[in-house]
2 protein chains.
Amino acid sequence: MSPSKELVDFLNSGHLYMPGISIDCVIFGFHNRQLKVLVLQFKSTDGYALPGGFIRKEEHIDDAARRILEERTGLKEIYLEQFHVFGDSERGRDDTHRKFSRANGIELEADHWLLQRFLSIGYYALVDFSRAMPTPDVFSDTCQWYDLAGLPDLILDHNRIVQQALETLRLMLDNKLVGFNLLPETFTMNELQALYETILDKPLLRANFQRKMLSLEILERLEKKWTGKAHKAPYLYRFQDRH
Amino acid sequence: MSPSKELVDFLNSGHLYMPGISIDCVIFGFHNRQLKVLVLQFKSTDGYALPGGFIRKEEHIDDAARRILEERTGLKEIYLEQFHVFGDSERGRDDTHRKFSRANGIELEADHWLLQRFLSIGYYALVDFSRAMPTPDVFSDTCQWYDLAGLPDLILDHNRIVQQALETLRLMLDNKLVGFNLLPETFTMNELQALYETILDKPLLRANFQRKMLSLEILERLEKKWTGKAHKAPYLYRFQDRH
């Protein structure tokens, strides 16, 4: 096959980017007691990968992360956070990029910029997957949500990157909860608990959970809505305004 | 003045390192209700800086961080953790390295590798400063502990790096406590509380603190030592063996 113009342009664009550094994005999706992660499949290969890319020489790394995510998946205005730099000394020096290019009609030279060692800065986000509609870019056949338990084998160390992002998400959930913007404007304690149980992948005791959440001092309790059965109506909460 | 051989060698060693990436280490020191941070003063200049350096092309970044810290300060076997990548688009493109080189007898060419943009990977650690004896390297006049409140103006964004490391330290203290290895084998709840109060820079309520610490399930309570005044003797604790 003959390579696409987009692929040729990309493979010739190494001079635009900071050498030896990439960004990979772990986008977790939550909805209705399910936790998923967003994965691309490279065109014409069996290579599954996180949405990733490179940092332009004049670009702040956080801007690069947002641009890369949008270019690869179409997702915009996502609250991305750095969580770790993956820096094994041989990282990137395997056949991944060579196989992808070959499958799409180009043989990379031995000194091609894509074949060098790459550090990768990991960013993660948590979104409502029912409201985020990813679309594959020109280099991918698919861009889809996968259950964490059913994740395919990913290229390079991307499975490890997902695992470490998950550990960070679990550890930081209390602190990032407001920013993730996953819940409706007002929500019940049950809805909040379902979010925690899904992400932590374990049941929590209702009383302990409520006590802990209230102790974080991020919730504002609203009045019960009058339904005629007030004693059964749950309290509604919203996140406190922090301004 | 004529430049030292070490400086000439270093300035000619750019090909050994990954381009555009550095590492900076924020070493917090705790002892006796004081929290300090380790700062170098560049030779023959008024430039104060965190211990930092570059990643060898064949080196894991965590190994690089440990090597850099030892080379710059003499400190070994420190538990370093990554906390953030500093990636402003103009980072490193100021006069800092030019002024240091000039003050030590070398004028850098405009395209010198030290004058390009650098991302920096921040690592932090918390040690007992009474047991850590830092020594300056050949590029520094001093390598000393500074009170956080009395920190000098540092080069580049190093003051911001310290601030972000401090926020991470405070946020992660519960999780990193065992690894930091700051307390004696056995310690009292008062000693633990003094550590927290110093790092968080605020007083804590004794009963709340004790309840929270016990809820973390990392402490093992030992028997009181018989002193003849058992009712006054505090309990001793140690960290649970996690193997």
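Residues numbered from 1 in each chain as written. Chains lettered and ligands numbered in written order. Predicted model: local features only at pLDDT ≥ 70, side-chain atom pairs only at ≥ 80, totals over all residues. Heavy atoms only, no water.

## Side note on the domain arrangement of chain A
Residues and elements named next belong to chain A. The line we're drawing: Domain borders in the structure are assigned automatically or taken from a domain database. Note on definitions: a residue-residue contact is assigned when non-hydrogen atoms from the two residues lie within 4.5 Å. For any pair of parts, buried area is found by adding up, for both, the accessible area (1.4 Å probe) each one loses once the two are put together.
The domain architecture assigned to chain A consists of domain 1 (5-178) and domain 2 (189-239). On a C-alpha basis, the centres of domain 1 and domain 2 stand 34 Å from each other. Taken together, the 12 residues of domain 1 in the interface contact 14 residues of domain 2. Across the interface of domain 1 and domain 2, roughly 1200 Å² is buried in total on both sides, 72% from carbon and sulfur atoms.

## Considering the interface of chain B and chain A
Stated formally: Each salt bridge in this description consists of a side-chain nitrogen of Lys or Arg and a carboxyl oxygen of Asp or Glu lying within 4 Å of one another. Here a polar contact is taken to be a pair of N or O atoms separated by no more than 3.5 Å, where protein atoms must pair a possible hydrogen donor with a possible acceptor and residues adjacent in sequence count only if both atoms sit in side chains. Every helix listed is a DSSP run of H or I at least four residues long, and every strand listed is a run of E at least two residues long, numbered separately from the N terminus.
Listed by partner, the interface residues are 23 residues for chain B and 23 residues for chain A. With both chains or domains summed, chain B and chain A bury close to 1800 Å², and 62% of this area falls on carbon and sulfur atoms. At the boundary of chain B and chain A, one finds zero salt bridges. At the boundary of chain B and chain A, one finds 14 residue pairs in polar contact (both at pLDDT 80 or more). Elements represented by at least two residues in the side of chain B that touches chain A include exactly β1 (17-31), β4 (52-56), β5 (81-86), β6 (119-128) and α4 (158-180) of chain B.

## Some remarks on the relation of the copies chain B and chain A
Filter applied, for reference: Least squares is the method used to superpose the copies, on C-alpha atoms of residues holding a pLDDT of at least 70 in both.
At an RMSD of 0.0 Å, chain B and chain A line up after a rotation of 180 degrees and a shift of 0.0 Å along the axis. One copy is carried onto the other by what is essentially a two-fold rotation axis. In this assembly, 100% of the residues forming the interface of chain B have copies in chain A that are likewise at the interface, indicating an isologous arrangement.

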